[in-house]
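Residues per chain are reported as follows:
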Amino acid sequence: MALRLLTALALFIDAGVHLSLAPGYQNAQPGTVSQGTLFLLEATVALVAGAYVLVRGSRTAYAVALVVALSAFAAVVLYAYVDIPAIGPIPAMYDPVWFFSKILSAVAEGAGALLALAGVVRAGRRTHDAGAGRGARRRRR
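It should be emphasised that the depicted structure is a prediction, and the values quoted were computed from it without experimental measurement.

Mind laying out the overall build of the protein, listing which residues take part and the relevant values?
Across its full length, the protein holds four helices and zero strands. Buried residues in the protein amount to 35% of all 141 residues. When the accessible surface of the protein is summed, it comes to about 8300 Å², and 68% of that surface belongs to carbon and sulfur atoms.

The following block contains the structure:
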């Protein structure tokens, strides 16, 4: 249960940071999506993934959490160090400055990815062990 709580907490922190930063990033070029809108989308996905892990704690739930946290972590690190131009409607989001909210988000995303990976591995073992136990009982009968 602790792994579920910590994974969900990491995703909720990520969502909170993105929700608080979104209003400051709403300016967009015509024909593009604003970075603030992407932040709101990230916050929504992180909230849903966190709730899913909290409620289910299944291997699938942890896998969803892993994808969400790892993709957010990769994006914040990539856009901090690489000046990627706009790609279609997605704006250029290069921001080399590390400030408290950005650091908090990156730490939560990185920790969330590691916790979710541990959950995937642990849930996989639990499923494997349960399956082995059922097979052993069938053979004894």
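Report on the side chain of H18, specifying residues and quantitative values.
As for its placement among the helices and strands, H18 is situated in helix α1 (residues 2-21). Accessibility expressed as a relative area gives 10% for H18, which makes it buried. Engagement of the side chain of H18 in a polar contact is seen with the side chain of D14, the distance being 2.8 Å. Setting aside residues no more than four positions away along its own chain, H18 makes contact with F39, E42, A43, S105 and E109.

Kindly report on helix α3 (residues 59-81), identifying the contributing residues and their values.
Working note: α-helix, 3.6 residues per turn, so residues spaced by three or four point in the same direction. For α3, built from 23 residues, the straight-helix expectation of 33 Å at 1.5 Å per residue is met to within 8% by its first-to-last C-alpha distance of 33 Å. Three or more residues of α3 are buried, namely A61, Y62, A65, V68, A69, A72, V76, Y79 and A80.

Any chance you could break down the pattern of salt bridges for me, citing the residues and the numbers?
On inspection of all chains with the given rule, the structure shows one salt bridge. Of the charged contacts, one joins K102 and D95 as a salt bridge, the two residues approaching to 3.9 Å between their closest N and O atoms.

Cut-off values and rules
- Residues numbered from 1 in each chain as written.
- Predicted model: local features only at pLDDT ≥ 70, side-chain atom pairs only at ≥ 80, totals over all residues.
- Heavy atoms only, no water.
- Helix = DSSP H or I, 4+ residues; strand = E, 2+ residues; numbered from the N terminus.
- Buried < 20%, exposed > 50% of the residue type's maximum accessible area, 1.4 Å probe, protein only.
- Areas by Shrake-Rupley, 256 points an atom, 1.4 Å probe, with all protein chains shown as cover.
- Polar contact = N/O pair within 3.5 Å; in protein donor to acceptor, adjacent residues only side chain to side chain.
- Contact = heavy atoms within 4.5 Å.
- Expected span 1.5 Å × (residues − 1).
- Salt bridge = Lys/Arg side-chain N within 4 Å of Asp/Glu carboxyl O.

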